[in-house]
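Listed below are the residues making up each chain.
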Amino acid sequence: MPDTGRNPQDVANSAADRGIPFMTTQIDKIVGQVSSIILGKERQIRLAFACLLARGHLLIEDIPGVGKTMLAHALAASLGLGFQRIQFTSDLLPADILGVSIYNREGRGFQFHPGPIFNQVVLADEVNRATPKAQSALLEAMEEHQVTTEGETRRLPQPFFVIATQNPSNQVGTFPLPESQLDRFLMRIELGYPDTEAERALLQGQDRRDLLEQLSPCLDVKTLIELQVRARRIYTSSALLDYVQELVNYTRRAADYVNGLSPRAALALLHAARAWALMDGREHVVPEDVQAVLPGVVGHRLVPAGQLTRANGVDIAEHLIKQVAIP
Amino acid sequence: MTAPTISLHNTVWLTAALALIAAPHAERLPAWVMVLAATLALWRIYLGRARLELPRRPLLMVVVAGATAAVFLYYRTIFGRDAGVALLIVMLALKLLETRSQRDALLLIFLGYFLIITNFLYSQTIAAALYMLGCVWIITATMIGCNHTQLQQGYRNQLRTAGLMLAQSAPLMLVLFLFFPRTAGPLWGLPHDAHAGVSGLSDSMSPGNIANLSLSDAVAFRVEFKSAIPESRRMYWRGPVMWDLHGPTWNVGRYYFDEPKYQGLSAPVEYTVTLEPHNKPWLFALDLPGQVPPRAKMSGDLQLLATAPVNSRTRYEMKSYLEARFGADENPLALDRALRLPPASNPRTVEFARGLRQKHPDDKALIREVLAMFRNEKFYYTLSPPLLGEHAVDDFLFQTRSGFCEIYASSFAVLMRAAGIPARIVTGYQGGEFNPLGGYIIVRQADAHAWTEVWLPGEGWVRVDPTAAVSPLRIQSGIAAAVPRTDPLPLFARGAYPWLRQLRFTWDSLANNWNQWVLGYNPERQRWVLSRVGIDEATWHALAVVLIVATGLIMLALLPLMLRTLKARVNDPVKRAYLRFCSKLGRKGLPREPAEGPSAYAARLSRLRPELAPKVSAITRLYVALRYGAGGSTAALRELEQQVRQFSA
């Protein structure tokens, strides 16, 4: 993986725009705060944050107990956003997510009681334990940023960020998300076990829940939306677009994958790379940004085939990065 | 990192290229070989399309063993030309079936180039060479496709690049062809089965032999005359001479090598013969051959015999006397042999000949009488005569009375021998066709002919052609004019359509040049070419110098072209400057990985060579800003170019 540490020179270079260093400082602060709760996972935290800045949704896939829920909590708390958690179970109904209309006795007819989806950060916990019906209710809301029930369309709050967690699909009792729905998530990340040092710190330190309550928001909603707008405007040169296209073309042409990346995936890659560049304090995207977000963006979209399947342990994204030269 | 896998696109290309290369072998190899190979190839494509696993090794081993056994059982060997090619094709198809990685594909491509060469073991015509050139083009395009796994390569791009490569290598090929030292013979022997199925005259003659040969329009030899071309009726190309009659069949019998004594009565005709391989020792020359070509000898009856069968196209200078007197003092043993007849055969002919002898004590008068009989009575000249029985000459003379030149020659010789005049049969070719485009004579198998020679005291051996008596047209205008129109003659031997004739001449002229200058490019020709460039001594030394100089000149000529394409590929000055920076570091053992971003590269360099860090990061910062940032300035570009120029690792 390329070095993702921020180059101070780059910051100085873009000093003309006073907004960017300020924003970067804010982002660093949040990442630092969340990192103090989820130890040794700064990379994943940055990816999660990039996902938020790119206005995408995040899927965290890992075994229970590695801090998936904690990460979602910490992110929401640090951002000062409204947070709601939905525990997905096999008897969950779409109404449990979207809300229901209940008759109001005072005579005003039916009144809509919004469901937990009407929050800025929604944690859909163990999303693959619910039936496809409930899953699709969530995923449609994610895609449209609005909810339509009983003929009425209601917009979801801004910003709107869904963090879904799921257990690896080989675990018992799951309804794995189909590929078409996986595509709705901008990124999928895995947390993995902490390293020895981080784990020791975790064991020695305070209870995580207490720490979570002590967190104070360090970014207001206005700034966050500003950052999201800013991320959209990060410049991508034609040389960089060439690189993105070559990456995508390789997945379509090589025999290593069942299907190539879709144009939506290419867009996702570009948006994520823009957010990453912003977090790095740059006004333009460089190939390293693309490489940094690539594992998160393509990991759940590419199904390995041919030689790659048998070669266990070869990371799909790393393989892709190595195969495609930077033009 | 795993080896790069080969994509379906490239697999299909590879299979198609190999199929094209192997296609000409289809008519030479047994059908089962081609069917097996095609099945294996299609199986591979199917597995590739369906994204299925390729067969495992044990299964392949079984197929390999089975195929080898089948080839062995069919040919009784696995060596030699046919069996070798069959085995190669089956193994190629099997290799295709286990081709997973790029490395396998490249191996197959090189084997494909080899398979192209095997086609020349069978055919070396212009058409074959053009076809193989096309194959080289396609397989080179395939190789380009396999090597560029990362680039989006359309088939047009691949073909264009391959064509460009071939065009660029053509001058080098020409230089190597012209100036690489040549040996007199082939560098290695062809497999023993390489010359099967070549037609031509043989050492025996039965009724029907030459008529069969007349159905072939294959070229026997081509002749360039140094002086005026003799009339068609005087062109008797002498070949095997038959002495011994057994049943209906004449044989050459034993050669005898008495010094032939002859006396030229006219100025000699000088010419050069380019003889097609016919797998027999005879070299053909106009009657009467006045000199012996190198690596050949002349028998007592004026047959020119090469020391080895003519297996490759052979070119020799000749001199002949069209008017000559020879064999006046012939060996009595030979004369005795020229009188022998098999006992109790052709009794009616023998009786008829005795009657003639009593009527004409003079040899010449007797010969005239027989020829007059052929001319005036109802004898027919045809390619498809009725069948003859045990006493072929009797049947012919007294019943069927229609036949081709060999039966006329045969009957005449039997009549002469029975009448006590020594006679023998000479086979060869008569006439030939003048190609006005190339200025040479083409003699085809269809021109094959047989005539007789009789020995007259005081005059020696005299040619008598009974065919000329029965069908003067044959001798004056060639075979097409002489036989009935209904007789099956090859298209090329017919002269009916002028445009066809013109086309035929053009094509044959091309083929002749190809034979003379490409296939027949031998040390003599090479010496001639060298003398044209001012080198008289064609030593290996001189050739090496010429080779080096010519190659160098070609490289120099191609250099601007290559530089231009290199430049054109990187027409972005920013990228060019950065690549220059990278190549400077690359030379110091710090190359940039293709997939390594500039900042990542700079970080790695700073770790490995901390003293370079300030310069490296300055250049990288400029490059990244120019290439990926918005609105780079010319000043920044100049700055980058200057820093790269000054940079040294």
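Draft legend 1. Region of interest: the overall build of chain A. Of the regular secondary structure elements, chain A holds 15 helices and nine strands. The buried share of chain A, taken over its 327 residues, is 55%. Total accessible area computed for chain A in this model is approximately 14,500 Å², and 49% of it derives from carbon and sulfur atoms.

Draft legend 2. Region of interest: the overall build of chain B. In terms of regular secondary structure, chain B is built from 23 helices and 20 strands. For chain B, buried positions account for 48% of its 649 residues. For chain B, the share of sequence-separated contacts (at least 6 apart) that also reach a separation of at least 24 residues comes to 73%.

Draft legend 3. Local environment of the pattern of salt bridges. Taken as a whole and assessed by the stated rule, the structure comprises 41 salt bridges over all chains. The partner of Lys359 of chain B in a salt bridge is Glu369 of chain B, with the nearest N and O atoms 3.6 Å apart. Residue Lys359 of chain B is located in helix α10 (residues 347-359), and its partner Glu369 of chain B is located in helix α11 (residues 363-376); the two are separated by 10 residues in the primary sequence. Its relative accessible area of 55% is what places Lys359 of chain B among the exposed residues. Here the salt bridges share partners, and the residues they tie into one network are Glu143, Asp183, Arg184, Arg264 and Arg301 of chain A.

Draft legend 4. Seen up close, the environment of Ala255 of chain A. All names here are of chain A. Examined against the element boundaries, Ala255 turns out to sit in the loop between α11 (238-253) and α12 (263-279). On the accessibility criterion, Ala255 (24% relative accessible area) is partly exposed. Remark: the alpha-carbon pair of Ala255 and Pro304, spanning 49 residues in sequence, is separated by 8.9 Å.

Draft legend 5. Focus on the packing of aromatic side chains. Going through the model one piece at a time under the given rule, you end up with 30 aromatic pairs over all chains. For the ring pair Phe374 of chain B and Tyr408 of chain B, a centre distance of 5.5 Å and an interplane angle of 80° mean the geometry is edge-to-face. Of this pair, Phe374 of chain B sits in helix α11 while Tyr408 of chain B sits in helix α13 (residues 405-418), placing them 34 residues apart in sequence. Taking relative accessible area as the criterion, Phe374 of chain B reaches 1% and is therefore assigned buried. Here Tyr408 of chain B falls in the buried class, since its relative accessible area comes to 0%. Note on Tyr578 of chain B and Phe581 of chain B: the rings are 5.7 Å apart at their centroids and 40° apart in plane angle, and the pair reads as tilted. One end of the pair is Tyr578 of chain B and the other is Phe581 of chain B, both in helix α20 (residues 573-587) and three residues apart, which spans about a single turn. Here a set of aromatic residues connected by ring pairs shows up, and it is made of Phe221, Phe225, Trp237, Tyr271, Phe284 and Tyr429 of chain B. Over the aromatic face of Phe112 of chain A sits the side chain of Arg154 of chain A, whose NZ or CZ is 3.7 Å from the ring centroid. The ring of Trp461 of chain B has Arg424 of chain B sitting right over it, with the charged end atom 3.8 Å from the ring centre.

Draft legend 6. Summary view of helix α3 (residues 42-53) of chain A. Residue and element names in this part refer to chain A. Between its terminal C-alpha atoms α3 stretches 16 Å, which fits the 16 Å expected from 12 residues at 1.5 Å a residue. In terms of residue burial, α3 counts as a mostly covered element, since 10 of its 12 residues are buried. Within α3 the residues assigned to the buried category are Gln44, Ile45, Arg46, Leu47, Ala48, Phe49, Ala50, Cys51, Leu52 and Leu53. Two residues or fewer after α3 comes Arg55, characterised by a positive phi angle close to 60°.

Draft legend 7. The arrangement of a nonpolar patch on the surface in detail. All names here are of chain B. Taken together, Val545, Val549, Leu553, Met555, Leu556, Leu559, Met562 and Leu563 make up a surface patch of nonpolar side chains, about 720 Å² in accessible area. Along the chain, Leu556 turns up in helix α19 (residues 540-569). Take Leu556: its relative accessible area is 57%, and that puts it in the exposed class.

Draft legend 8. Here's a closer look at a positive patch on the surface. On the surface, a cluster of positive charge is made up of Arg580, Arg587, Lys588 and Arg645 of chain B. Look at Arg587 of chain B and you get exposed, because its relative accessible area is 64%.

Draft legend 9. Quick look at unusual backbone geometry. Look at the link from Gln158 of chain A to Pro159 of chain A: it is a cis peptide, with omega at -15°. Residue placement: Pro159 of chain A occurs in the loop between β7 (152-155) and β8 (161-166). For the peptide bond that leads from Asp287 of chain B to Leu288 of chain B, omega is 10°, which places it in the cis range. One can find Leu288 of chain B in the loop between β9 (285-286) and β10 (296-298). One non-glycine residue, Glu126 of chain A, lies in the positive phi region at around 50°. Along the chain, the position of Glu126 of chain A falls in the loop between β5 (121-125) and α6 (132-144). Judged by relative accessible area, Glu126 of chain A falls into the buried class, the value being 19%. Backbone geometry places Arg401 of chain B, a non-glycine residue, at a positive phi of 55°. Relative to the elements of secondary structure, Arg401 of chain B occurs in the loop between α12 (392-400) and β15 (402-403).

Draft legend 10. Examining the pairing of strand β4 (residues 109-114) of chain A more closely. All names here are of chain A. Sheet topology places strand β3 (residues 99-104) next to β4; six bridges connect them, and they run antiparallel. Along β4, the bridge assignment pairs Tyr103 with Phe110. Here β3 folds back onto β4, and the loop between the two strands holds four residues, one of which, Gly107, carries a positive phi near 95°.

Draft legend 11. Structural detail: the sheet that holds strand β4 (residues 244-246) of chain B. All names here are of chain B. Read from one edge of the open sheet, three strands run β1-β5-β4, paired in antiparallel fashion. Two strands bound the open sheet, and with one partner strand each, they are β1 (204-205) and β4. In the sheet, β4 pairs with strand β5 (residues 249-251) via three bridges, with the strands oriented antiparallel. For His246, the partnering residue across the bridge sits in β5 and is Thr249. The strands touched by α13 are β1, β4 and β5; relative to β5, the strand with the most contacts, the crossing angle is about 75°.

Draft legend 12. Structural context of the packing of helix α1 (residues 8-22) of chain B against helix α6 (residues 126-147) of chain B. Residue and element names in this part refer to chain B. Put simply, α1 and α6 touch, their axes get as near as 9 Å, and they point 165° apart. Classed by the angle they form, the pair α1 and α6 counts as roughly antiparallel. In terms of crossing hand, the pair formed by α1 and α6 is left-handed. Facing Asn10, Trp13, Leu14, Ala17, Leu18, Leu20 and Ile21 of α1, the residues of α6 in contact are Tyr131, Cys135, Ile138, Ile139, Ala141, Thr142, Gly145 and Cys146. Of the residues contributing to the contact of α1 with α6, the split by class is 12 nonpolar, three polar and no charged.

Draft legend 13. How the structure looks around the side chain of Arg301 of chain A. All names here are of chain A. With respect to the element layout, Arg301 can be found in the loop between α13 (287-298) and α14 (307-310). Here the side chain of Arg301 touches Phe185 through a polar contact of 3.2 Å, landing on its backbone oxygen. Among all residues touching Arg301, those that are not within four sequence positions of it are Asp183, Phe185, Leu186, Leu261, Ala265 and Ala268.

Draft legend 14. Inspection of the confidence of the model for chain B at higher detail. Residues and elements named next belong to chain B. Per-residue confidence for chain B averages 84 on the pLDDT scale, and 92% of its residues sit at or above 70. Ranking the helices and strands of chain B by mean pLDDT puts β9 first, with 92, and helix α16 (residues 479-482) last, with 67. Scoring the predicted complex yields pTM 0.50 and, for the interface, ipTM 0.81.

Draft legend 15. Spotlight on the environment of Leu121 of chain B. All names here are of chain B. Along the chain, the position of Leu121 falls in the loop between α5 (102-119) and α6. Its relative accessible area of 26% is what places Leu121 among the partly exposed residues. As a C-alpha pair, Leu121 and Asp82 span 39 residues in sequence and 9.6 Å in three-dimensional space.

Draft legend 16. View of the sheet that holds strand β7 (residues 269-275) of chain B. Residues and elements named next belong to chain B. If you walk across this open sheet you meet the five strands as β12-β7-β2-β18-β17, and the pairing is antiparallel. Single-partner strands in this sheet number two, and they are β12 (314-320) and β17 (433-435). Between one strand axis and the next, the sheet turns by 30° as a mean value, whatever way the strands run. As judged from the three bridges shared by β17 and strand β18 (residues 440-444), these two strands associate in the antiparallel manner. When the sheet's bridge partners are listed, Asn435 is paired in β18 with Tyr440.

What counts, and at which threshold
- Residues numbered from 1 in each chain as written.
- Chains lettered and ligands numbered in written order.
- Predicted model: local features only at pLDDT ≥ 70, side-chain atom pairs only at ≥ 80, totals over all residues.
- Heavy atoms only, no water.
- Helix = DSSP H or I, 4+ residues; strand = E, 2+ residues; numbered from the N terminus.
- Buried < 20%, exposed > 50% of the residue type's maximum accessible area, 1.4 Å probe, protein only.
- Areas by Shrake-Rupley, 256 points an atom, 1.4 Å probe, with all protein chains shown as cover.
- Contact = heavy atoms within 4.5 Å.
- Salt bridge = Lys/Arg side-chain N within 4 Å of Asp/Glu carboxyl O.
- Phe/Tyr/Trp six-rings, centres within 6.5 Å; stacked < 30°, edge-to-face > 60°.
- Lys NZ or Arg CZ within 6 Å of the ring centre and 35° of its normal.
- Expected span 1.5 Å × (residues − 1).
- Patch = residues over 30% accessible without salt bridge, like charges linked within 9 Å, V, L, I, M, F, W, Y side chains within 5 Å.
- Lys, Arg positive; Asp, Glu negative; His and termini not counted.
- Charge placed at Lys NZ, Arg CZ, Asp CG, Glu CD.
- Pairing = 2+ DSSP bridges.
- Axes fitted to C-alpha atoms, helices over the stretch in contact; angles between N-to-C directions.
- Parallel < 35°, antiparallel > 145°, perpendicular 65-115°, else oblique.
- Left-handed = near helix turned anticlockwise from the far one by under 90°.
- Nonpolar A, V, L, I, M, F, W, Y, C, P; charged D, E, K, R; others polar.
- Polar contact = N/O pair within 3.5 Å; in protein donor to acceptor, adjacent residues only side chain to side chain.
- pLDDT = per-residue confidence, 0-100.

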